[in-house]
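Residue-level structural notes
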Amino acid sequence: MKIVITGGAGFIGSHVVRRFVTKYPTYQIINLDKLTYAGNLENLKDIEHYDNYRFVKGDIVDQAFLETLFSEEKFDAVIHLAAESHVDRSISNPLEFVMTNVVGTVNLLNAFKKHRTNEKGFFYHVSTDEVYGELTDEGKFLETTPYSPNSPYSASKASSDHFVRAYHETYDLPVKISNCSNNYGSHHFPEKLIPLFINNIKNKKPLPVYGKGENVRDWLFVEDHASAIDVIFHKGAFGETYNIGGNNEWTNIALVKLLCKLMDQKLGRPEGDAVKLITYVTDRAGHDYRYAIDSTKLMTKLGWRPSLQFAEGLSKTIDWYLANEDWLNNVTSGAYTEYYKEQYENR
Ligand code: NAD
Ligand code: DAU
């Protein structure tokens, strides 16, 4: 089976590529990635020599490029992760999110539909729980929760989900969709809360908590997201959506305090050192209050279970960042400095 995984050089994509390449030696895995600021081939150094792995640099917005690639390769399946993924960047530049997340997804659907030769081949779209909007203190997102996206990022992901569903209904294209909660783990770009704060604590820089830090997120270890994608890829039904979550809700401030405590221990600093870096800053515009996922369908129908408790996953994650200083230094040089200034300097 020949599978193209888009966005395979990014955070989640690299974990999915690694899992498929190492676990399924008879599959040919092609990683299609534009290598934006978030894409990094260093993330895949350990598997790049595998015979069943190949990297192709390309932009999913580029129709002509996709036409050539898909007509030559005749992929059996697509696992689509390529996206602009950061909410704060979507507030500054919504159009880039429309281009990659909406136009890019439709381009991929068209290329796959046109050149697909395997009747059993399908398009697996990886999406987010943010499409459902925000929750109050009650309830969880179900697969049937109406879409109500609030940020340009989630609006673009919601639109891409709708196109994938529409291609199933209109053209009978076999598709699967999953909507996942917040991931954490190794190789996470330090613009997102957990890796940003790990890097800042390490460098004794302020920890910019948006608003009062009372917003709630449901955190899942990235390798558990990759295992869910594996299960849905192999056992999920066509035309179905599966929610993926960690059943692991934290207010941002409680999470940041736990992170501070673990970092102090691991860095051999006095208890209470990192917590002094917490700085409350202007809230994110349109900041969703709470996300929480109900994964009952995935667990009961397909038998998926997350493997790790949060404290263990967070500890492993911190260890990875502390052991991979070069990775962190490389991705926080150059354009990152400008991004950081724009986002945080006068906040
Ligand atoms: P990421 O930003 O770390 O990686 C995105 C990857 O896509 C990068 O390698 C980038 O180079 C590539 N890319 C971007 N634009 C491209 C284009 N035009 N053509 C080809 N490649 C392009 O993102 P992530 O956090 O790994 O998220 C991956 C997917 O999972 C996204 O679709 C995201 O919406 C979804 N998701 C993420 C989370 C999360 O917590 N991070 C949770 C649920 C769903
Ligand atoms: O829910 C899934 C989504 O999770 C994914 O679809 C997105 O791609 C991913 O980026 C993530 O979105 P969030 O906006 O929830 O993640 P982020 O790490 O940016 O922020 C987590 C929480 O922390 C959120 O409430 C905002 C807050 N925050 C974030 C940053 C970067 C801060 O308080 N300070 C910060 O500097």
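Residues numbered from 1 in each chain as written. Chains lettered and ligands numbered in written order. Predicted model: local features only at pLDDT ≥ 70, side-chain atom pairs only at ≥ 80, totals over all residues. Heavy atoms only, no water.

Description of the overall build of the protein
Quick note on the threshold: Under the DSSP-based scheme used, a helix requires at least four consecutive residues in state H or I and a strand at least two consecutive residues in state E, with every element numbered from the N terminus. We compute the radius of gyration over the C-alpha atoms and compare it with the globule rule, which gives 2.2 Å times the number of residues raised to the power 0.38. Any two residues having at least one pair of non-hydrogen atoms within 4.5 Å are treated as being in contact. Per-residue and other accessible areas were derived by the Shrake-Rupley procedure at a 1.4 Å probe size, with only the shown protein chains allowed to occlude residues. Only four residue types enter the tally: Lys and Arg on the positive side, Asp and Glu on the negative side; His and the chain ends are excluded. Where a charge lies is defined by one atom per residue type, namely NZ (Lys), CZ (Arg), CG (Asp) and CD (Glu).
In terms of regular secondary structure, the protein is built from 12 helices and 12 strands. At 20 Å, the protein has a C-alpha radius of gyration in line with the 20 Å of a compact globule built from 347 residues. Viewed in the frame of its principal axes, the protein has a C-alpha envelope of about 60 × 45 × 40 Å. Expressed as a percentage of contacts within the protein between residues at least 6 apart in sequence, the contacts between residues at least 24 apart total 82%. Just so you have it, the protein exposes about 14800 Å², and 50% of that area is on carbon and sulfur atoms. On the protein, the mean spot of the 38 positive side-chain charges and the mean spot of the 45 negative ones are 2 Å from each other.

Quick word on empty space enclosed by the protein
Definition in use: Both site types are read off a 1 Å grid over the protein atoms alone. A 1.4 Å probe that fits but cannot get out defines a cavity, while an open set with protein on both sides within 12 Å along at least five of seven lines defines a pocket; lining residues have an atom within 4 Å of a point. Grid points are joined across faces, edges and corners, and a volume is the space filled by probe spheres set on the points. Asp, Glu, Lys and Arg are counted as charged, while Ala, Val, Leu, Ile, Met, Phe, Trp, Tyr, Cys and Pro are counted as nonpolar; the rest, among them Gly, fall into the polar class.
Counting across every chain of the model gives 3 cavities of 30 Å³ or more. As for the second largest cavity, its lining consists of Val87, Glu130, Asn150, Ser151, Arg217, Arg284, Ala285, Gly286, His287, Asp288 and Tyr291. Grouping the constituent residues of the lining of the second largest cavity by class yields 3 nonpolar, 4 polar and 4 charged.

Some details on the site of ligand 1
For the record, the criterion: Residue proximity to a molecule or strand is established when one non-hydrogen atom of the residue lies within 4 Å of it. Between N or O atoms, a polar contact is any pair within 3.5 Å; within protein, one atom must be a potential hydrogen donor and the other a potential acceptor, and residues adjacent in sequence are included only when both atoms are from side chains.
The immediate surroundings of ligand 1 are formed by 28 residues, with Ile12, Asp33, Ser85, Tyr153 and Lys157 found nearest. One nitrogen or oxygen atom from the main chain of Leu35 is found 3.4 Å from an oxygen atom belonging to ligand 1. When ligand 1 sits alone it has 830 Å² of accessible area, and the protein chains cover 97% of it. The set of elements that each furnish at least two residues to the shell around ligand 1 consists of helix H1 (11-23), strand E5 (122-128), helix H5 (152-171) and strand E7 (182-184). With 3 residues, E5 is the largest single contributor of residues to the shell around ligand 1. Here the shell around ligand 1 is built from residues that sort into 12 nonpolar, 12 polar and 4 charged.

Quick word on the packing of H1 against helix H7 (residues 222-235)
Note the following rule: Between N-to-C directions, angles cover 0 to 180 degrees, with each direction set by a line fitted to C-alpha atoms, over the stretch in contact for helices. The scheme is simple: roughly parallel for angles under 35 degrees, roughly antiparallel for over 145, roughly perpendicular for 65 to 115, oblique for anything else. Crossing chirality is assigned from the near helix's rotation relative to the far helix, an anticlockwise turn below a right angle marking it left-handed and a clockwise turn marking it right-handed.
In contact at an axis separation of 9 Å, H1 and H7 are set at 55° when each is read in the N-to-C sense. Between H1 and H7, the crossing angle belongs to the class labelled oblique. Taken as a pair, H1 and H7 cross one another with a handedness that is right-handed. On H7, the residues touching Phe11, Ile12, His15, Val16, Arg19, Phe20 and Lys23 of H1 are Val222, Glu223, His225, Ala226, Ser227, Ile229, Asp230, Phe233 and His234. Residues that form the contact of H1 with H7 fall into these classes: 8 nonpolar, 4 polar and 4 charged.

As for unusual backbone geometry
A negative phi angle is the norm for most residues apart from glycine, just as the trans form is the norm for most peptide bonds. Note the cut-off: Categorising residues by exposure relies on relative accessible area from a 1.4 Å probe, with only protein chains included: less than 20% of the type maximum marks a residue as buried, more than 50% marks it as exposed, and the intermediate range marks it as partly exposed.
Notably, Leu35 is not glycine yet its phi reads approximately 55°, a positive angle. According to the relative accessible area criterion, Leu35 is partly exposed, its value standing at 27%. Despite not being glycine, Lys74 shows a phi value in the positive range, around 50°. Turning to its location among the elements, Lys74 is positioned in the loop between helix H2 (63-73) and strand E4 (77-80).

A word on H2
Formally: Directions pointing from the helix axis toward each C-beta atom define the arc.
Phe65, Leu66, Leu69, Phe70 and Glu73 are the residues of H2 that are buried. Axial view of H2: buried residues confined to an arc of 115°, hence all on one face. Opposite the packed face of H2, turned more than 90 degrees from it, sit the exposed residues Gln63, Ala64 and Glu72. The inward-facing, buried residues of H2 abut strand E1 (2-6), strand E2 (28-33), strand E3 (53-57), E4 and helix H4 (94-115). One side-chain oxygen of the residue at the start of H2 lies 3.3 Å from the amide nitrogen of Ala64, identifying that residue as Asp62. In the segment just after H2, Lys74 is the residue with positive phi, at about 50°.

Regarding the site of ligand 2
The full set close to ligand 2 counts 26 residues, and Thr128, Asp129, Tyr153, Arg284 and His287 are the nearest of them. Note that an oxygen atom of ligand 2 is positioned 2.6 Å from one of the side-chain N or O atoms of Tyr153. Across the complex, the protein chains shield 95% of the 690 Å² of accessible surface that ligand 2 would expose by itself. For the shell around ligand 2, the secondary-structure elements that each account for two or more residues are helix H3 (87-92), helix H6 (193-202) and strand E8 (207-210). Taken together, the residues that form the shell around ligand 2 break down as 11 nonpolar, 8 polar and 7 charged.

Some details on the pairing of E8
What counts, and what does not: At least two DSSP bridges between two strands are needed for those strands to be called paired.
Neither face of E8 is left uncovered, since the one carrying Leu207 and Val209 and the one carrying Pro208 and Tyr210 both have all their residues buried. Where E8 meets strand E12 (residues 278-281), 4 bridges bridge the pair, whose relative direction is parallel. The residue of E12 that forms the bridge with Val209 is Tyr280.

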